[in-house]
Amino acid sequence: MPACVPTRAKTPARPPRIRRPRRPAPQGDGPGRRRFRLQGADLSASITVFLLAVPMSLGLAVAIDAPLEASLIAAGVGGIVAGLLGGSSLLVSGPSAGLTVVSAELIQTYGWRTSCAITVCAGLLQVALGALKTARSALAVSPAIVHGTLAGIGAAIALAQLHIVLGGSPQSSAVDNALALPDQLAHVGPAAPLIGALTIAVLLLWPRVPGRAGKALRKVPAALACVVVATGVAALAAPGIARVELPSWDAHVLPELPHGPALGIVAAVLTVTLVASLESLLSAVAVDRLASERPGAAAPPRADLDRELRGQGIANAVSGLLGGMPVSGGAVRGSANVRAGATGRASTVLHGVWVLLAAGLLVSVLEWIPLAALAALVMMVGIQMVNFAHIRNVHQHREFLVYVASVGGVLVLGVLQGVVLGIAVAVAVALHRLARTRITTQEQADGTYLVRARGQLTFLAVPRLTRALGHVPQGADAVVELDGSFMDHAAFEALQSWQGTHQARGGAVRITGRAGGRIAEPASSAHTCCRPWTPWRNHHCQDRPSQHTHQNQLASGLSSFQRNTAPLVRDELARLAREGQRPQQLFITCADSRLVTSMITSSGPGDLFTVRNIGNLVPPPGTEGADDSVAAAIEYAVDILRVESITVCGHSGCGAMQALLNSSPGAPMTPLRRWLRYGQPSLERMASRRHSWARIAGRLPADAVEQLCLTNVVQQLEHLRRHDSVARALAAGTLALHGMYFHVGEAQAYLLAPDDHAEVFEGIGVNLLEDTHA
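Notes on the structure follow. Note that the coordinates shown come from a computational prediction; the quantities given were computed from them, not determined experimentally. (Residues numbered from 1 in each chain as written. Predicted model: local features only at pLDDT ≥ 70, side-chain atom pairs only at ≥ 80, totals over all residues. Heavy atoms only, no water.)

**Side note on the nonpolar core**
- Residues Leu58, Ile118, Ile153 and Met325 are the most contacted members of the largest nonpolar core, which totals 78 residues.
- When residues of this core are assigned to their parent elements, the largest contribution, 10 residues, is made by helix α1 (residues 40-64).
- In this structure, Val638, Val648, Ala694 and Ala704 belong to the second largest nonpolar core, which totals 45 residues. (Core = buried A, V, L, I, M, F, W, Y, C linked by side-chain atoms within 4.5 Å. Buried < 20%, exposed > 50% of the residue type's maximum accessible area, 1.4 Å probe, protein only. Helix = DSSP H or I, 4+ residues; strand = E, 2+ residues; numbered from the N terminus.)

Now the structure itself:
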């Protein structure tokens, strides 16, 4: 039977009847749990985000020439409404840099009140899209298009705000701003540029102040510090500089019914919906990843993107109805929230409350802020949206043309047109790659003809393929080398037809991949077994290889590694050889051959320090006659390699757990039985009434073996905590422990939820896109 160790087949013993104790009421932010808990860390984080959000919101309102109070309404509504109703507990919503260019165009075209109505309509459309569960589909857009769109928006923001920093006024479009820049430079006044330069200098240098003073100063957000410093200097040195003007709340206006061309209104609603949704969803994914990488803290539940989209839609509808700016989740505010130590959505909601209180009580203070300081702050936000790491990434994936098209389309045509242009170029590039296939025929020294096809074999390449195959003389031996990942039915039929005809006329044909391994043969071939060490994803052959094949499969596998894999990993392995290993994780798992750790963790050389044994057991320290090999690996990983996390991974169908269940007290003590002693506490834990049963994502285990596999992971984590090196690292907050269960038949990984009261393994989803600085 497939198992960790070979055991004699027995009828499984019936598991002991266990009364499951009543569990305490669940806590946290998951389904069916209390959504709002206030802790000290959330209170301090809310103040940090509030101090960042106020100058950012005012600056974005200045950038689009919107009423300044509208930005504070949007920040308050985004924090409270999206914080309570959204699917991410740590994402902070408010006025968005990504929506700045869109909002400015709407205000210039339709006026402020109609722009508010468009915001309401966009919010309702977001709610509908969230109800239809389209959030994941929105993330399917090419990263090159998304990052190019955000970079184009950032460049447009920077160009517009540069005019204000120079003491002038921005034009209506990015092109006009670029054309008007020489004239603006010719009429520069001294006050505004100096205040702007001071703001930028403080913003850049604030996080780099060294020593204890720097550590204390960094508790204040750099965005707040630069605005405060610039305001103080302007009050003393430039009292006549243009400043923020907050009108009376009595003059605040509410939305009106949209009026204007119907197609224009529809396009505006779609544009706001697209940009706000993409920015919110990408920011939620980015904040999720940042929170999961935070050391010494339990990761919050993964964001529900459909719920997040609905929450953002309701926040936009409420903000528009109250006369506020459009709202979206922002990675900048969300990252600040995570780094400030927030544990739940209480910090997001409280930040919104503080913003609304400031809007009512601190008007006279806010009116001291120079416009040039806010413009410089927003200009730097726009520059940071042009992320050079993203540019390198899209260049490595040969999508730079798509990125440039998206940036140029946003700058010249507009946001929605830029996205459409980026999609069109992405489709054209994909079609070009699909159609570009190089096919050559070459006679080898031994008289064999080599037909090499580089690229994808589609119906477009069939004429060239048949022409190249026609150059092979009748009766000659031929090798067809396919260097591509796709072949459609037309190309397959053409190749198979030629192969049958050529062999009927006395020729021999061998079809290989780039490495020279055989990948296709005619149905009449006598050789029906897979080639040695077939890659796992292509291994569907059920025939048993011959003994000769068994003897040569190791050498064949090594040869394949040298040809295919070694050239790809040589540079990385050379770097690791020079620098030494620096793994982030210790991974303790079973020796079962079905567990491929690099596959299920998507890891590579240098990522994991792995310990494998029968049953993924961790002998507790101090046990008489204990095996020290696992303890030595733990000590080396924690004290020498300084790993940041340790994962104990069990799996379904574990033979060691089956052996534990079937063990007889009087059986002879073999090496296997001596080792399985360290799993005996897991068996006792499963039968104990003091512990609740472990379960998978809300369901009970399928049988006693799965129950013991899950319980064993929890028990081995307790053994792990008893080791001195682990206990010291946990106390210092430099180490995190994780439990993991891999269901082999489902190809599904489950992580033990960070809950002290229940042993619940939750399923792991997939992030489709990486990060955004919007």
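**Concerning the pairing of strand β5 (residues 478-483)**
- Judged by how many residues are buried, β5 sits mostly within the fold: five of six residues are covered.
- As defined by bridge partners, strand β4 (residues 449-454) adjoins β5 across six bridges and the pair is classed as parallel. Its bridge partner being in β5, Ala453 is matched across the sheet by Leu482.
- Considered for its hand, the β-α-β crossover made up of β4, helix α20 (residues 462-470) and β5 is right-handed.
- The pairing of β5 with strand β6 (residues 509-512) spans four bridges and is parallel. Residue pairing for β6: Val480 is matched across the bridge by Ile511. (Pairing = 2+ DSSP bridges. Right-handed = clockwise from strand over helix to strand, strands pointing away.)

**Considerations on the side chain of Ser277**
- Within the element layout of this structure, Ser277 appears in helix α11 (residues 262-292).
- Given the relative accessible area of 7%, Ser277 is considered buried.
- At a separation of 3.1 Å, a polar atom in the side chain of Ser277 contacts the side chain of Gln126.
- Discounting chain neighbours no more than four positions away, the residues touching Ser277 are Gln126 and Leu309. (Polar contact = N/O pair within 3.5 Å; in protein donor to acceptor, adjacent residues only side chain to side chain. Contact = heavy atoms within 4.5 Å.)

**Describing the packing of α11 against helix α19 (residues 415-435)**
- It is the contact of α11 with α19, at a shortest axis distance of 9 Å, that shows an interaxial angle of 70 degrees. Here α19 runs roughly perpendicular to α11, going by the angle between their axes. Regarding α11 and α19, the two cross each other, and that crossing is left-handed. For the pair α11 and α19, contact is made by Ala267, Thr271, Leu274 and Val275 and by Val415, Leu416 and Val419, respectively.
- Of the residues belonging to the contact of α11 with α19, the class tally is six nonpolar, one polar and no charged. (Axes fitted to C-alpha atoms, helices over the stretch in contact; angles between N-to-C directions. Parallel < 35°, antiparallel > 145°, perpendicular 65-115°, else oblique. Left-handed = near helix turned anticlockwise from the far one by under 90°. Nonpolar A, V, L, I, M, F, W, Y, C, P; charged D, E, K, R; others polar.)

**Concerning the environment of Val402**
- Tracing the sequence through the fold places Val402 in helix α18 (residues 400-412).
- Residue classification places Val402 among the buried residues on the basis of a relative accessible area of 2%.
- Distance from Val402 to Ile423, taken between C-alpha atoms, is 7.8 Å for residues 21 residues apart in sequence.
- Setting aside residues up to four positions removed in sequence, Val402 forms contacts with Ala144, Ile145, Gly422, Val425, Ala426 and Val429.

**Describing empty space enclosed by the protein**
- A complete count under the given rule lists seven cavities of 30 Å³ or more for this structure.
- As a volume, the largest cavity reaches approximately 90 Å³.
- Lining the largest cavity are Val141, Ile145, Val146, Thr149, Leu150, Leu274, Val275, Leu278, Glu279, Val415 and Val419.
- At the level of secondary structure, the elements contributing two or more residues to the lining of the largest cavity comprise α6 (143-165), α11 and α19.
- Split into classes, the residues belonging to the lining of the largest cavity amount to nine nonpolar, one polar and one charged. (1 Å grid on protein atoms, 1.4 Å probe; cavity = no way out; pocket = protein on both sides within 12 Å on 5 of 7 lines; lining within 4 Å. Points joined across faces, edges and corners; volume = space filled by probe spheres on them.)

**Examining unusual backbone geometry**
- Residue Asp65 is not a glycine yet carries a positive backbone phi of 60 degrees.
- With respect to the secondary-structure elements, Asp65 resides in the loop between α1 and α2 (68-85).

**Regarding the pattern of salt bridges**
- Across all of its chains, the model carries eight salt bridges by this definition.
- Where Glu481 meets Arg452, a salt bridge forms, and the shortest distance between an N and an O atom there is 3.1 Å. On the criterion of sequence distance, the pair formed by Glu481 in strand β5 and Arg452 in strand β4 is long-range, its members being 29 residues apart.
- According to the relative accessible area criterion, Glu481 is buried, its value standing at 11%.
- With a closest N to O distance of 2.8 Å, Arg685 and Glu718 form a salt bridge. Here Arg685 is found in helix α27 (residues 680-687), whereas its partner Glu718 is found in helix α28 (residues 704-721), with 33 residues between them in sequence. (Salt bridge = Lys/Arg side-chain N within 4 Å of Asp/Glu carboxyl O.)

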